[in-house]
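Structural overview for review
The residues making up each chain are set out below.
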Amino acid sequence: MLTDMSTSRPGTPDTASAAPARRTHDDAPDTMALFARMAELEEGPERDELRDELVTVWLPMAHRIAGRFRDRGESVEDLRQVAALGLVKAVDRFDPARGAFESYAVPTITGEVKRHFRDRMWALRVPRRVQELRNRVRVARRELTQNPGTPEPTTAAIAEHTGLTEEEVAAGMEALESFSTLSLDAELSSGEDGYSLADTLGATDTSYDVVVDREAAKEGLRRLPERERAILYMRYFEDMTQSRIADQLGISQMHVSRLISRSCARVRDEVLGQRPGGRTAP
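This write-up is about the structure you can find in this document. All of these numbers come straight from a predicted model, not from anything done at the bench.

Now for the overall build of the protein. Looking only at helices and strands, the protein features 11 helices and 0 strands. The N-to-C order of helical and strand elements in the protein reads α-α-α-α-α-α-α-α-α-α-α. Split into buried and exposed, the 282 residues of the protein put 26% on the buried side. A fraction of 50% describes how many contacts in the protein between residues 6 or more apart in sequence connect residues 24 or more apart. When the accessible surface of the protein is summed, it comes to about 19,700 Å², and 50% of that surface belongs to carbon and sulfur atoms.

What follows is the structure in structure tokens.
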């Protein structure tokens with residue numbers, strides 16, 4: 001059973017007359033005795049119960065910290081869940097010998113929420129370096145436009161203010177627009193002839209693959225014997241049947257079929273850079 005540490009006891013000063021401890025916020029309860037007690041306990045039900053109590057009494061502070069990040073594209077309820085996770089980590093890691101819990105918990109919870117935005121809120125994963133550039137550019141733009149009527153700072157002005165290069169500033173400014181994505185159905189024009197983002201995207205042109213294949217096969221075709229080149233031309237360019245090719249050349253249809261298969265395999269192997277038998281050529 002937990003003991004109420006605020007109750008006066010014989011031989012101890014009356015807590016009502018003692019000077020109250022100064023706290024930064026109303027949601028910062030005095031739980032040093034509970035932390036000291038938990039530090040003495042081994043893993044088990046009693047320690048788990050004490051840990052749950054500490055998380056519960058400090059939860060309002062976690063919710064207050066989560067509220068600082070509202071209106072940034074994430075629901076308050078989700079932010080409170082992330083802040084609560086940070087609070088649990090702070091309770092588990094706190095060493096009561098190092099000072100006040102609030103001083104340790106606030107940066108721990110805040111860091112957890114910031115990591116949530118950094119790692120989970122981007123529609124596309126962006127390298128951390130670019131995320132850092134985005135944050136520096138965002139802060140610099142805010143600082144440079146504090147006075148009313150101040151024009152939007154140029155890339156050069158931001159670079160001078162932050163100590164970044166203009167290329168780094170440009171990357172950060174591009175990242176400012178990359179936090180969220182547009183739907184392919186998003187309307188880009190409001191007129192009667194309106195069109196969506198999907199309408200502006202090109203389709204794959206298979207003709208490029210045909211050009212690549214033809215150019216790759218040219219050398220192999222040139223190295224074939226003249227009769228085999230003629231057979232392939234009649235079969236695939238004049239669309240002649242194997243029977244007609246056989247009659248024209250005075251050979252059997254089976255022989256024509258074997259020549260076509262052998263010629264195609266030879267050209268294919270050369271295009272793929274292979275020797276006969278499947279071994280890769282040096």
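For the rest of this paragraph, the subject is the side chain of Thr31. Its location among the elements puts Thr31 in the segment before α1 (32-40). Other than its neighbours up to four places away in sequence, Thr31 contacts Leu54, Val57 and Trp58.

On to the packing of aromatic side chains. For the structure shown, the criterion picks out 6 aromatic pairs. Look at Phe94 and Tyr104: their rings are 6.0 Å apart centre to centre, the planes differ by 40 degrees, and that puts the pair in the tilted class. Linking Phe94 in the loop between α3 (76-93) and α4 (101-120) with Tyr104 in helix α4, this pair joins segments that are 10 residues apart in sequence. Residue classification places Tyr104 among the partly exposed positions, given a relative accessible area of 29%. Grouping aromatic residues by their ring pairs yields a cluster made of Phe35, Trp58, Phe94, Phe101 and Tyr104. We note Arg235 situated over the ring of Tyr236; from NZ or CZ to the ring centre the distance is 5.7 Å.

Looking only at α1, the buried set comprises Leu34, Phe35 and Met38. Taken down its axis, α1 places every buried residue within 100 degrees of arc, on the same side. Of the exposed residues in α1, those oriented more than 90 degrees away from the buried face are Ala39 and Glu40.

The biggest cluster of nonpolar side chains holds 26 residues, and the ones touching the most others in it are Phe35, Trp58, Leu87, Val91, Phe101, Ile109 and Val113. For this core, the secondary structure elements donating two or more residues are α1, α2 (45-67), α3 and α4. Counting residues per element, this core draws most heavily on α2, which supplies 8 residues. Once residues lying within four places of it in the same chain are set aside, the contact partners of Ile109 are Met61, Ala62, Ile65, Ala83, Gly86 and Leu87. Formed by 13 residues, the second largest nonpolar core is a distinct cluster that contains Ala217, Ile231, Met234 and Ile245.

On to a positive patch on the surface. Where like charges cluster on the molecular surface, the positive patch consists of Arg72, Lys114, Arg138 and Arg142. Tracing the chain through its elements places Arg142 in helix α5 (residues 128-144). On the basis of relative accessibility, which here comes to 48%, the residue Arg142 falls in the partly exposed class.

Take the pattern of salt bridges next. Tallied over the full model, the rule gives 16 salt bridges. When the shortest N-O distance is used, the salt bridge between Arg37 and Glu46 registers 2.9 Å. Judged by its relative accessible area of 45%, Glu46 falls in the partly exposed class. Glu219 is paired through a salt bridge with Arg223; the nearest N and O atoms lie 3.8 Å apart. Residue classification places Arg223 among the partly exposed residues on the basis of a relative accessible area of 44%.

Turning next to the packing of helix α6 (residues 155-162) against helix α7 (residues 166-176). α7 packs onto α6 with a crossing angle of 105 degrees between their chain directions and a minimal axis gap of 9 Å. Compared by their axis directions, α6 and α7 come out roughly perpendicular. Listed contacts from α7 to Thr155, Ala156, Ile158, Ala159 and Thr162 of α6 are Glu166, Val169 and Met173. Here the contact of α6 with α7 is built from residues that sort into 5 nonpolar, 2 polar and 1 charged.

Let's shift gears to helix α11 (residues 253-271). Between the first and last C-alpha of α11 there are 27 Å, a value that for 19 residues agrees with the 27 Å anticipated at 1.5 Å per step. For α11, the full list of buried residues reads Val256, Leu259, Ile260, Ser263 and Val267. Taken down its axis, α11 places every buried residue within 100 degrees of arc, on the same side. When the buried face of α11 is taken as reference, the exposed residues oriented beyond 90 degrees from it are Met254 and Arg258. On its buried side, α11 packs onto α8 (207-222), α9 (226-236) and α10 (242-249). Gly273 lies just past α11 and shows a positive phi near 75 degrees.

Criteria and thresholds
- Residues numbered from 1 in each chain as written.
- Predicted model: local features only at pLDDT ≥ 70, side-chain atom pairs only at ≥ 80, totals over all residues.
- Heavy atoms only, no water.
- Helix = DSSP H or I, 4+ residues; strand = E, 2+ residues; numbered from the N terminus.
- Buried < 20%, exposed > 50% of the residue type's maximum accessible area, 1.4 Å probe, protein only.
- Contact = heavy atoms within 4.5 Å.
- Areas by Shrake-Rupley, 256 points an atom, 1.4 Å probe, with all protein chains shown as cover.
- Phe/Tyr/Trp six-rings, centres within 6.5 Å; stacked < 30°, edge-to-face > 60°.
- Lys NZ or Arg CZ within 6 Å of the ring centre and 35° of its normal.
- Arc of directions from axis to C-beta.
- Core = buried A, V, L, I, M, F, W, Y, C linked by side-chain atoms within 4.5 Å.
- Patch = residues over 30% accessible without salt bridge, like charges linked within 9 Å, V, L, I, M, F, W, Y side chains within 5 Å.
- Salt bridge = Lys/Arg side-chain N within 4 Å of Asp/Glu carboxyl O.
- Lys, Arg positive; Asp, Glu negative; His and termini not counted.
- Charge placed at Lys NZ, Arg CZ, Asp CG, Glu CD.
- Axes fitted to C-alpha atoms, helices over the stretch in contact; angles between N-to-C directions.
- Parallel < 35°, antiparallel > 145°, perpendicular 65-115°, else oblique.
- Nonpolar A, V, L, I, M, F, W, Y, C, P; charged D, E, K, R; others polar.
- Expected span 1.5 Å × (residues − 1).

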